[in-house]
Number of protein chains: 6
Amino acid sequence: MTDVPLTYEDAPAHAVRTAVALALAEDLTPLGDLTSALLDPTITAVAQIVARWPGRVAGTACATEAFAQVDESIEVSWAVRDGGAVEPGTRIGTVSGRLAPILTAERTALNFLGHLSGVATLTAAYVAAAATGGSAQVWDTRKTTPGLRALEKAAVRAGGGRNHRGNLSDWVLLKDNHIVGLGITEAVRRCHDRWPARTVHVECDRLDQMTEAITAGATAVLLDNMSTDEVTACVIEADRLAAGGRRCLLEVSGGVTLESIGAYSATGVDLISVGRLTDSAPILDIGLDIEPTS
Amino acid sequence: MTDVPLTYEDAPAHAVRTAVALALAEDLTPLGDLTSALLDPTITAVAQIVARWPGRVAGTACATEAFAQVDESIEVSWAVRDGGAVEPGTRIGTVSGRLAPILTAERTALNFLGHLSGVATLTAAYVAAAATGGSAQVWDTRKTTPGLRALEKAAVRAGGGRNHRGNLSDWVLLKDNHIVGLGITEAVRRCHDRWPARTVHVECDRLDQMTEAITAGATAVLLDNMSTDEVTACVIEADRLAAGGRRCLLEVSGGVTLESIGAYSATGVDLISVGRLTDSAPILDIGLDIEPTS
Amino acid sequence: MTDVPLTYEDAPAHAVRTAVALALAEDLTPLGDLTSALLDPTITAVAQIVARWPGRVAGTACATEAFAQVDESIEVSWAVRDGGAVEPGTRIGTVSGRLAPILTAERTALNFLGHLSGVATLTAAYVAAAATGGSAQVWDTRKTTPGLRALEKAAVRAGGGRNHRGNLSDWVLLKDNHIVGLGITEAVRRCHDRWPARTVHVECDRLDQMTEAITAGATAVLLDNMSTDEVTACVIEADRLAAGGRRCLLEVSGGVTLESIGAYSATGVDLISVGRLTDSAPILDIGLDIEPTS
Amino acid sequence: MTDVPLTYEDAPAHAVRTAVALALAEDLTPLGDLTSALLDPTITAVAQIVARWPGRVAGTACATEAFAQVDESIEVSWAVRDGGAVEPGTRIGTVSGRLAPILTAERTALNFLGHLSGVATLTAAYVAAAATGGSAQVWDTRKTTPGLRALEKAAVRAGGGRNHRGNLSDWVLLKDNHIVGLGITEAVRRCHDRWPARTVHVECDRLDQMTEAITAGATAVLLDNMSTDEVTACVIEADRLAAGGRRCLLEVSGGVTLESIGAYSATGVDLISVGRLTDSAPILDIGLDIEPTS
Amino acid sequence: MTDVPLTYEDAPAHAVRTAVALALAEDLTPLGDLTSALLDPTITAVAQIVARWPGRVAGTACATEAFAQVDESIEVSWAVRDGGAVEPGTRIGTVSGRLAPILTAERTALNFLGHLSGVATLTAAYVAAAATGGSAQVWDTRKTTPGLRALEKAAVRAGGGRNHRGNLSDWVLLKDNHIVGLGITEAVRRCHDRWPARTVHVECDRLDQMTEAITAGATAVLLDNMSTDEVTACVIEADRLAAGGRRCLLEVSGGVTLESIGAYSATGVDLISVGRLTDSAPILDIGLDIEPTS
Amino acid sequence: MTDVPLTYEDAPAHAVRTAVALALAEDLTPLGDLTSALLDPTITAVAQIVARWPGRVAGTACATEAFAQVDESIEVSWAVRDGGAVEPGTRIGTVSGRLAPILTAERTALNFLGHLSGVATLTAAYVAAAATGGSAQVWDTRKTTPGLRALEKAAVRAGGGRNHRGNLSDWVLLKDNHIVGLGITEAVRRCHDRWPARTVHVECDRLDQMTEAITAGATAVLLDNMSTDEVTACVIEADRLAAGGRRCLLEVSGGVTLESIGAYSATGVDLISVGRLTDSAPILDIGLDIEPTS
């Protein structure tokens, strides 16, 4: 069996272990797998993990972990790892061992693979659509499924996207409610003082807010719910303010779709963030084709 | 402030507490909310939880818990509870207390509300579509997001759907790999012996399998990936076998869409299960409109 | 060393891991094993796990796990696995490795083995007693020791018993307080609607309640605290209602003893549930005979 | 409603919280209480917790916690607290609140109450039997149910017994395998050096071992599996060695029954330890009598 | 009783809850507080939390939580909150309630207060010493006590320091081993591509490395183990490169002491990081003066 | 690679596993190690764990566990184990495997090693200083860092110290607040009754209290904050009371320093407890010298 190594961009090992343990507990409490218990425990099988739809794979480490936590003697090898592209019928991996525990772990393994590959696949679609217009990166957001932040953000990377801040503790993102009564300039100054060296990101609804944020020293500005024309005006102004130096990072956010992302990318912004990468991605259908071997 | 009680069909309290604790930890480790820390801690606010899109609400208990775990003095009341229908602009609930912790908990609360309301909304759409053809119930599956089984299954109920087995420990579902070498009749017999009184569900690809399963005493049969014509033939045969008594439950499963569910419902089956209710539901967009009060 | 494989009916692996981790933590917090720390750490030993009393074994996976969590280099093999019968002196298994960690894990391993084998042994006694009167199965209940549900229910299976519902989420069991104000017929109808395909079990104190429950479509009825004469009357009526078809499952419950179970079994009921299998089973005495080897 | 405070000898609060959370999770994963979900959620009830058998109560804090974790608005008050004696029919406590969550928590609350009161009741029986012969205290052992060490040891105290060491980290107990190659005298010396001020307990099979242990400075000796005559000889010798000073504590252990404990107590030993207090206590039957109030 | 509110810069609530639960479990497993169990449970007390040494307070939320987790009826109020300066004898807070649980929680509460106030106090000393030379901020590092990252970083803020990155997930810090084979320029470019908008920090041993890092677009450079003369040269060069614009942040790190920090601050760098703030801070001695009140 | 086994006095394995898992989670949530993700995942390395300062090592099991939890294929071997003395430059151990995960685990491993070796080193210094005056043992206290009780107490043993009680559940320590209203004699009597065989330790401020405690049968007395003259008077009186038998253990506690411990040791007491061993030990500086190998 061939095996393809996972690159180190995947989710951290502890996050994989914890998420899989929770998923198995919710699927097996209290009596375990009633149906597999009817099987002759000596039957073994080889099973192929196969893509049913085209897309990008993510979550292979979770699948490996799911089989291992049910029965550590099950062997899993991968022909495609996170980030790999698949077509319907592509063999992604192979599972071999006792049939009963393979069936017990099957759904948990596939739920991770399907969901995370769904995130990677939708990300790849946005990345491709953005590339038709320009060179803007595609970002995720904090609109992730509760409990799966680390895994979904890794799936976005597998799909060719980039990660916005990981959580509230990563960097500062000033929204309107944070600025009320302070003004952008004073708020940014406080950030630089309280959280030095850290990214200061400012949400802007209008060009004049962007100008103030950049002048105050923001690392990045989020252009919120603007039309491509408004964004273009912002890009021109930001280029002017950069005066040939490193331009403040410009993020477009708010309701960008697969249809509109190319046009936003063409404006020359650096980044476009898309909540639906993680909050609304349908699964990628991946199945397990099992052949009993004894 | 009015408040609407949650019915007792919601997810169990311990599942809500645990899921929220995990979600907050992943959003706040290690330093907490950098941005809210810049605020004057004495500022208070009243915030409205408002639907942006039409749909069905679910997850209100999670939202209440998210605010409480961040700051137990925040007050949350609900005008709409799980299962309630909303239109764009409908006020779902109200949050009041200190502004800083409200902002800290906001995304976590909305991630639960958005995701679970998305599940309820998609379920309601399938339920409505099924009703156009007949009286078949709409079921979920075990294709849930890892770690959120209890919450998503409650969201399906909020959307008017019904729950398939909760996990591998609930009841027996014999698939092809369980039956190999035994045959349906013997497999069902073993189930009745080993797991007495428990639902025995048999996956069938063909009418003759269904006949054998019903004759063997299955509680329900899953008609897998059949056309409406094939299903109709099964219904006729199952009616015949029932001979005026209680007919074995007939479930349709496999690739049923919003477009096709009405036709399947019209065949007279009892239940149609739909994996995408939980594995591919886009969020329902719900926002928090905040007004500082001091 | 010979080793006997565990059948797949044992408790799920995650339940074993979690229960053992808790048990070791309560025995070793905070300083670990003071006494074993006095030993020369290079001493090794071979220890026999030996039955002191006759009975049925259960909990071998827990014992393996206890030694492994203390020192993963300890080797454990089994001559008897869960469900096996033992006599005083029967060697159940062998443990070999460093003496100090063997002594540290000894009591935890034996506590699991003794308790769970006690459950299996008492179950086997009830099963044998029931068989003297008829073919009724022996069931457990939800009267399990808190935290050990999965393990005790597996021990009941090892003793030849069958599992009643695993928990409140498995199936519906209507007791008097659930029915008040609805009546049995309406309550059963609601169950079939809300929790389709799921077992609906109805607790009945009188024959007329049983008749109503069966007519309403209950999967099983629990004949609560009835005399054998009352039960016999119920069996006759249930047979009549079945009219040659599959009879509703009849469960006897309430105060059945080793002395009375044969008579209840002789009535022709399907199942007799016994709370004391799990709430009052004395341990099976199992010891560890240790011989230092270096 | 009257309420009786718990004395401070009960199990620590964190142990109660953790054990109850585990018990509820195993009873409610994944869907919660299917049956109570059928109830009208506005129905309230008052329920009496009533003894069915005579005995001693323990575990009231666990019962309070079980109701609170399911629904914090449920009120629980106690007429009898841990250590109190009850007769069949004695009202132990009262629960009031919404009916549905009361039914959901009922079995978990009763499982704790029944099991822990069973431990307290059996302890009280041994204490009473020991008192017929002399003044020896009754001790528990480390033969506790995995996961319930803290709660069962508190139940032993509620029954009038005393606690042997809580775990392997409390004090030193030298058994034959610890002493091999060192001899008692050297082993005790090492204990005093490595674990100063800490109880050093020595298991002895023969009088000469006891003499050596006492001379070496043991805090207590465990007279293992001796007849009452052998124990009497040990008592005489230990008195002689004490020479009017504080005698080394003498513990009798091994197979002591309700029938034999009086005779052992009459020998003049200080303590008799009984594994079955915690490993083989049948439950005390306690029930919940519920009256819907609306 | 007066009470002083905690500002929102403290550690997140979930981190406080979790750390306190662990600390209580390790202090109370398995039997609870043997000594307090001897007390009359009706005795109440008022206790003053008093500084024995001068310093800065931190950890008040942990102390509140420790008392609450042992007995939720204990009341705690604060005269000084995190960040407040105290002298020997300063009353920091007041605890009132039942004496037994106050004594049980005392050491846990004081361990948090003493340790975290120790961190805050040492930080304040470094901040004061740095201010004698210039305006450089004092930073912590990732050299924190395992398990207490969130709490210790909050204590640094309470002492007037600033937080370096919270963990490996916050921002990029390129050290020599990350750069080998890539060179600084290419490594920084990759960071900007893979982790856009995120702080890119480069460790430099020599001025030419700093120049390359700044030119490549680093957010900050860490001047590692340099003399003040070397640092001064770097500051001059960095000012030159800034050309009147925003200068790259300059961090001094490595072996800076209370004696040397003033001189480093005088060089004009922005920040000086000090591992010993969190890895070597002695406690601030804080005691509990208890007066029984009944 | 040579490897040196850990003696069995180290912290229990479950405590190591749990503490490391928490430490990695706080360092890697949510996105993992951003910087190491930039590396070519096929690069391997050999790294030496090297002492920078002289001292005593502790925490090697934690370091092994940290590397293993990040990547189980990393190999760690030890030239020096807990308790071993090191000089600047001493190689303590060797780590080999993939470079990226080695860098990810590096700081966590070193934080454990540095902190626990710091505790061991300070303990060894106190032990050496005490030995200059007499033969008194050096004890720790319950003033440990929250969450690290088991590990720090093991580090004290590695440094040649002895452990005071592990927690509140180990033995009884009567302080002034426990005795109020009872008097020492009655309080000790209650201890012997309620917690038989268990160490009873009495805190004494004056010689007459000590006399009463010893006469009452205390196992040990804590001479609190006394001068060496006062302690000497106590020793003389305790010798007199022992009358040639085993003297009650005498502990000196309160503000003992490296300068004063020799004089206290010279008084002839048995034990001197020092809170700062665990609450104020600076780290021992230990580094990782990494050489990429491919």
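Before reading further, recall that the structure is shown in the block above.
Attention here is on the structure that accompanies the text. (Residues numbered from 1 in each chain as written. Chains lettered and ligands numbered in written order. Predicted model: local features only at pLDDT ≥ 70, side-chain atom pairs only at ≥ 80, totals over all residues. Heavy atoms only, no water.)

### With respect to the relation of the copies chain E and chain A
For the match of chain E to chain A, the screw axis carries a shift of 0.0 Å, the RMSD comes to 0.0 Å, and the turn is 180°. Such a combination of turn and shift is consistent with a two-fold rotation axis. Across chain E, the smallest distance between a C-alpha and the rotation axis is recorded for D170 of chain E, namely 2.4 Å. When the interface residues of chain E are mapped onto chain A, 100% of them again lie at the interface, so the same face is used by both copies. (Least-squares fit on C-alpha atoms with pLDDT ≥ 70 in both. Contact = heavy atoms within 4.5 Å.)

### Some points on the relation of the copies chain B and chain A
Taken as rigid bodies, chain B and chain A are interconverted by a rotation of 180° and an axial shift of 0.0 Å, the fit giving an RMSD of 0.0 Å. When the interface residues of chain B are mapped onto chain A, 100% of them again lie at the interface, so the same face is used by both copies.

### Points about the interface of chain B and chain A
Contact residues are listed per partner, giving 54 residues for chain B and 54 residues for chain A. Across the chain B/chain A interface, buried area totals approximately 4,800 Å², and carbon plus sulfur atoms make up 59% of it. Here chain B and chain A share four salt bridges between them. Sorting the residues of the side of chain B that touches chain A by element identifies helix 1 (13-28), helix 3 (99-131), strand 7 (172-174), helix 5 (176-179), helix 6 (184-194) and strand 12 (286-292) of chain B as the ones contributing at least two each. The greatest single-element share of the side of chain B that touches chain A, amounting to seven residues, is contributed by helix 3 of chain B. Of the residues in the side of chain B that touches chain A, the class split is 26 nonpolar, 15 polar and 13 charged. (Buried area = accessible area lost by both parts, 1.4 Å probe. Salt bridge = Lys/Arg side-chain N within 4 Å of Asp/Glu carboxyl O. Helix = DSSP H or I, 4+ residues; strand = E, 2+ residues; numbered from the N terminus. Nonpolar A, V, L, I, M, F, W, Y, C, P; charged D, E, K, R; others polar.)

### Focus: the interface of chain E and chain A
Accessible area lost upon the coming together of the parts serves often as the stated size of an interface. Residue-level contacts link 24 residues of chain E with 24 residues of chain A. Buried surface at the junction of chain E and chain A, both sides included, amounts to about 2,100 Å², of which 43% is carbon and sulfur. Where chain E touches chain A, the interface holds four salt bridges. Ionic pairing is found between R198 of chain A and D170 of chain E, a salt bridge with its closest N-O pair at 2.6 Å. Connecting chain E to chain A are 13 residue pairs in polar contact (both at pLDDT 80 or more). Of all the secondary-structure elements, those providing two or more residues to the side of chain E that touches chain A are strand 6 (137-139) and helix 6 (184-194) of chain E. At three residues, helix 6 of chain E tops the list of elements feeding residues into the side of chain E that touches chain A. Its residues assigned to classes, the side of chain E that touches chain A comprises seven nonpolar, eight polar and nine charged. (Polar contact = N/O pair within 3.5 Å; in protein donor to acceptor, adjacent residues only side chain to side chain.)

### What to know about the pattern of salt bridges
Here the structure, examined in full by the defined rule, presents 78 salt bridges over all chains. D270 of chain A is the partner of R247 of chain A in a salt bridge, and the nearest nitrogen-oxygen pair spans 3.1 Å. With R247 of chain A in the loop between helix 8 (228-242) and strand 10 (249-253) and D270 of chain A in the loop between helix 9 (261-265) and strand 11 (271-273), the pair connects residues that are 23 residues apart, well separated along the chain. Residue D270 of chain A is classed as partly exposed on the basis of its relative accessible area of 23%. Salt-bridge contacts for D239 of chain B lead to R247 of chain B; the nearest nitrogen and oxygen are separated by 2.9 Å. (Buried < 20%, exposed > 50% of the residue type's maximum accessible area, 1.4 Å probe, protein only.)

### Some words on the side chain of D82 of chain E
Residue and element names in this part refer to chain E. Tracing the sequence through the fold places D82 in the loop between strand 3 (75-78) and strand 4 (85-86). For the buried D82, no salt bridge exists, and the shortest N-O distance to an oppositely charged side chain is 4.7 Å, to R81. Within the local environment of D82, its side chain forms a polar contact with the backbone nitrogen of G59, the two atoms lying 2.9 Å apart. At a separation of 2.6 Å, a polar atom in the side chain of D82 contacts the side chain of T60. (Lys, Arg positive; Asp, Glu negative; His and termini not counted.)

### Thoughts on helix 1 (residues 13-28) of chain C
The terminal C-alpha atoms of helix 1 of chain C lie 22 Å apart, and with 16 residues this matches the ideal 22 Å at 1.5 Å per residue to within 8%. Within the sequence span of helix 1 of chain C, burial applies to H14, A15, V16, A19, V20, A23, L24, E26, D27 and L28 of chain C. Those residues of helix 1 of chain C that are buried lie in contact with helix 1 (13-28) of chain A, helix 2 (60-70), helix 3 (99-131) and helix 4 (149-158) of chain C, helix 4 (149-158) of chain D together with helix 1 (13-28) of chain F. (Expected span 1.5 Å × (residues − 1).)

### Comments concerning helix 4 of chain C
All names here are of chain C. Most of helix 4 is tucked away: 10 of the 10 residues are buried. R149, A150, L151, E152, K153, A154, A155, V156, R157 and A158 are the residues of helix 4 that are buried. Just beyond helix 4, the residue with positive phi is G160, at close to 95°.

### A short note on the packing of aromatic side chains
Residues and elements named next belong to chain C. One pass over the structure, following the stated rule, counts six aromatic pairs over all chains. With 6.2 Å between their ring centres and 50° between their planes, W139 and W171 make a pair best called tilted. In this pair, W139 is assigned in strand 6 (residues 137-139) and W171 in the loop between helix 4 and strand 7 (172-174), connecting sequence segments 32 residues apart. Assigned by exposure class, W139 and W171 land together as buried. (Phe/Tyr/Trp six-rings, centres within 6.5 Å; stacked < 30°, edge-to-face > 60°.)

### So, the packing of helix 2 of chain C against helix 3 of chain C
Residue and element names in this part refer to chain C. Across the interface, helix 2 lies against helix 3 with an axial gap of 8 Å and an inter-helix angle of 160°. Of the possible angle classes, the one that applies to helix 2 and helix 3 is roughly antiparallel. Regarding helix 2 and helix 3, the two cross each other, and that crossing is right-handed. Only P101, I102, T104, A105, E106, T108, A109, F112, L113 and L116 of helix 3 make contact with helix 2, whose side of the interface consists of T60, C62, A63, A66, F67 and V70. (Axes fitted to C-alpha atoms, helices over the stretch in contact; angles between N-to-C directions. Parallel < 35°, antiparallel > 145°, perpendicular 65-115°, else oblique. Left-handed = near helix turned anticlockwise from the far one by under 90°.)

### Overview of the sheet that holds strand 12 of chain B
Residues and elements named next belong to chain B. Taken together, the four strands give an open sheet; going across it, the order is 3-5-1-12, and neighbouring strands pair in antiparallel fashion. This sheet does not close on itself; its edge strands, each paired only once, are strand 3 (75-78) and strand 12. Each strand axis lies, on average, 20° off the axis of its neighbour in the sheet, ignoring direction. Inspection of the sheet shows strand 1 (residues 44-51) paired to strand 12 by seven bridges, in the antiparallel sense. By the bridge assignment, A45 is partnered in strand 12 with P292. Relative to strand 3, helix 2 (residues 60-70) is tilted by about 165°, and along the sheet it contacts strand 3, strand 5 (91-98) and strand 12. Sheet contacts for helix 3: strand 1, strand 3, strand 5 and strand 12; angle to strand 12, the most-contacted strand, approximately 160°. (Pairing = 2+ DSSP bridges.)

### Considerations on the side chain of T123 of chain E
Structurally, T123 of chain E can be placed in helix 3 (residues 99-131). Setting aside residues up to four positions removed in sequence, T123 of chain E forms contacts with V156, G159, G160, G161 and L277 of chain E.

### Looking at unusual backbone geometry
Most peptide bonds take the trans form, and the phi angle of most residues other than glycine is negative. In this model, T29 of chain A is joined to P30 of chain A through a cis peptide bond whose omega is 0°. Secondary-structure assignment places P30 of chain A in the loop between helix 1 and strand 1 (44-51). Despite not being glycine, A197 of chain D shows a phi value in the positive range, around 75°. With respect to the helices and strands, A197 of chain D occurs in the loop between helix 6 (184-194) and strand 8 (200-204).

### A closer look at the sheet that holds strand 7 (residues 172-174) of chain A
Residues and elements named next belong to chain A. The six strands are arranged 6-11-10-9-8-7 in an open sheet whose pairing can be described as parallel. Edge positions in the open sheet fall to strand 6 (137-139) and strand 7, since each of these has one partner strand only. When strand polarity is set aside, the average angle formed by the axes of neighbouring strands in this sheet is 25°. Across three bridges, strand 10 lies against strand 11 in parallel orientation. In the strand pairing of strand 11, S253 is matched with S273. Along the sheet, helix 8 makes contact with strand 9 (220-224) and strand 10, crossing strand 10 at roughly 170°.

### Re the pairing of strand 10 (residues 249-253) of chain C
Residue and element names in this part refer to chain C. For strand 10, a buried count of five out of five residues is recorded, marking the element as mostly surrounded by other parts of the structure. Alternating residues of strand 10 divide into L249, E251 and S253 and L250 and V252, and every residue in both groups is buried. In this sheet, strand 10 lies alongside strand 9 (residues 220-224) in parallel orientation, the contact comprising five bridges. Within the sheet, the bridge partner assigned to L223 lies in strand 10 and is V252. Once the chain exits strand 9 it traverses helix 8 (residues 228-242) before rejoining the sheet at strand 10, and the crossover so formed is right-handed. (Right-handed = clockwise from strand over helix to strand, strands pointing away.)

Everything listed is a geometric property; what it means functionally is a separate question.
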